[in-house]
There are 2 protein chains.
Amino acid sequence: VPVDVGLDRAKADDYDAIVLPGGQINPDLLRINDKALKLIRAFYDQRKVVAAICHAPWLLIETGIIKGRRATSYKSIKTDVINAGAKWEDSEVVTDQGIVTSRNPGDLEAFCNKIMEEIAQGRHAQRAA
Amino acid sequence: VPVDVGLDRAKADDYDAIVLPGGQINPDLLRINDKALKLIRAFYDQRKVVAAICHAPWLLIETGIIKGRRATSYKSIKTDVINAGAKWEDSEVVTDQGIVTSRNPGDLEAFCNKIMEEIAQGRHAQRAA
């Protein structure tokens, strides 16, 4: 995917959702990038959809937004997700108050469909608390 | 390093210590490998030195042996190490009851020296409790 907007210019105000792709390298680099963490947190605070697949739930751990939520992830980071206070489930897609997570590339269809469904629902009022 | 003994044949009885290298890929693969986890746990149970650098503390998280210990790691997994119940420190090498951890390749000299020192001390009696 060619990059059209870099982290310096990306704003949550301009979008309905953020989708965090996986892989072992990308989320490991982004979790120590303050601009990336602030951007993710802004989507969360605006009650917009935050979606993460494979190893990307590390970013939900790092921003602290997965605590107390139902979630899934790639199997190798299951322990990290549980230790961060999430309720881990072995399902193709798990949604809790606009946070959408999936396990691996085999779950992509369910993951994408659920993201579109959540965007259609609009802002996630429960998060206001 | 050419592999001389594979996981199928490796036994803790034959060695004084296990050294877990880092990188983003290797520990991520090993933490879902039961043979690797059992081998690490065997070193721990025999009160031998267990050393991990960079991203390898994920393996100490997965085996559960880092809980309650002082430790360090590569900065990106600091949150995972803390969430696993360790007391994280920003030091070139941290040792707690024979568990030796370092942050990154810049710490290698301190890491290797401490491993040799810990091996020279022999078995870690405190762990027996």
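Below: a short report on this structure. (Residues numbered from 1 in each chain as written. Chains lettered and ligands numbered in written order. Predicted model: local features only at pLDDT ≥ 70, side-chain atom pairs only at ≥ 80, totals over all residues. Heavy atoms only, no water.)

This model, assessed by the stated rule, comprises 1 aromatic pair over all chains. Ring geometry for Trp58(A) and Trp58(B): centres 4.9 Å apart, planes at 10°, overall stacked. With Trp58(A) in helix H3 (residues 57-63) and Trp58(B) in helix H3 (residues 57-63), the pair connects residues from two separate chains. Trp58(B) carries the same exposure label as Trp58(A), and that label is buried. (Phe/Tyr/Trp six-rings, centres within 6.5 Å; stacked < 30°, edge-to-face > 60°. Helix = DSSP H or I, 4+ residues; strand = E, 2+ residues; numbered from the N terminus. Buried < 20%, exposed > 50% of the residue type's maximum accessible area, 1.4 Å probe, protein only.)

This part covers the relation of the copies chain A and chain B. Of the transformation superimposing chain A on chain B, the axial component is 0.0 Å and the angular component is 180°, with the fit at an RMSD of 0.0 Å. In short, the pair behaves as if placed about a two-fold rotation axis. In this assembly, 100% of the residues forming the interface of chain A have copies in chain B that are likewise at the interface, indicating an isologous arrangement. (Least-squares fit on C-alpha atoms with pLDDT ≥ 70 in both. Contact = heavy atoms within 4.5 Å.)

Residues and elements named next belong to chain B. As for its position among the elements, Ala 36 is in helix H2 (residues 34-45). Of the residues examined, Ala 36 reaches a relative accessible area of 6% and is grouped as buried. A sequence separation of 26 residues divides Ala 36 from Ala 10, and the C-alpha atoms of the two residues are 9.5 Å apart. Each residue touching Ala 36, except ones within four places of it in the same chain, is listed here: Leu 7 and Leu 30.

Residues and elements named next belong to chain B. Here H2 contains 12 residues, and its C-alpha end-to-end distance of 16 Å stays within 8% of the 16 Å for a straight helix at 1.5 Å per residue. Among the residues of H2, Ala 36, Leu 37, Leu 39, Ile 40, Phe 43 and Tyr 44 are the ones counted as buried. For H2, the angular spread of buried residues about the axis comes to 160°, placing them on one side. Summarising the geometry of H2, the exposed residues directed more than 90 degrees from the buried face are Asp 34 and Lys 38. Buried-residue contacts for H2 involve strand S1 (17-20), helix H1 (26-30), strand S2 (49-53), H3 and strand S6 (99-102). (Expected span 1.5 Å × (residues − 1). Arc of directions from axis to C-beta.)

All names here are of chain B. Taking strand neighbours across the sheet as the criterion, the 4 strands line up as S1-S2-S6-S5 in an open arrangement whose pairing is mixed. Every other strand in the sheet has two partners, leaving S1 and strand S5 (94-96) as the edge strands with one partner each. Across the sheet, the mean angle separating the axes of adjacent strands is 15° when strand polarity is ignored. Sheet strands touched by helix H5 (residues 108-121): S1, S2, S5 and S6. Its angle to S2, the strand with the most contacts, is close to 175°. (Pairing = 2+ DSSP bridges. Axes fitted to C-alpha atoms, helices over the stretch in contact; angles between N-to-C directions.)

Residues and elements named next belong to chain B. With respect to the secondary-structure elements, Ser 73 resides in the loop between strand S3 (70-71) and helix H4 (78-83). A residue is classified by how much of its surface remains accessible, and Ser 73, at 1% relative accessible area, is buried. One polar contact links Ser 73 to Trp 88, side chain to side chain, over a distance of 2.9 Å. If we skip the residues at most four places from it in the chain, Ser 73 touches Cys 54, Pro 57, Lys 78, Val 81, Trp 88, Ser 102 and Arg 103. (Polar contact = N/O pair within 3.5 Å; in protein donor to acceptor, adjacent residues only side chain to side chain.)

Let's shift gears to the interface of chain A and chain B. Each side of the interface is counted separately: chain A has 18 residues, and chain B has 18 residues. Of the roughly 1,500 Å² buried between chain A and chain B on both sides combined, carbon and sulfur atoms contribute 48%. If you look at where chain A meets chain B, you find 2 salt bridges. Between Arg31(A) and Asp80(B) there is a salt bridge, with its nearest N and O atoms 2.8 Å apart. Inspection of the region where chain A meets chain B yields 12 residue pairs in polar contact (both at pLDDT 80 or more). Going through the elements one at a time, helix H1 (26-30), H3 and helix H4 (78-83) of chain A are the ones with two or more residues in the side of chain A that touches chain B. (Buried area = accessible area lost by both parts, 1.4 Å probe. Salt bridge = Lys/Arg side-chain N within 4 Å of Asp/Glu carboxyl O.)

Before going further, it helps to examine a nonpolar patch on the surface. A surface patch of nonpolar side chains, amounting to about 340 Å² of accessible area, comprises Ile25(A), Leu29(A), Ile25(B) and Leu29(B). Along the polypeptide, Ile25(B) turns up in the loop between S1 and H1. (Patch = residues over 30% accessible without salt bridge, like charges linked within 9 Å, V, L, I, M, F, W, Y side chains within 5 Å. Areas by Shrake-Rupley, 256 points an atom, 1.4 Å probe, with all protein chains shown as cover.)

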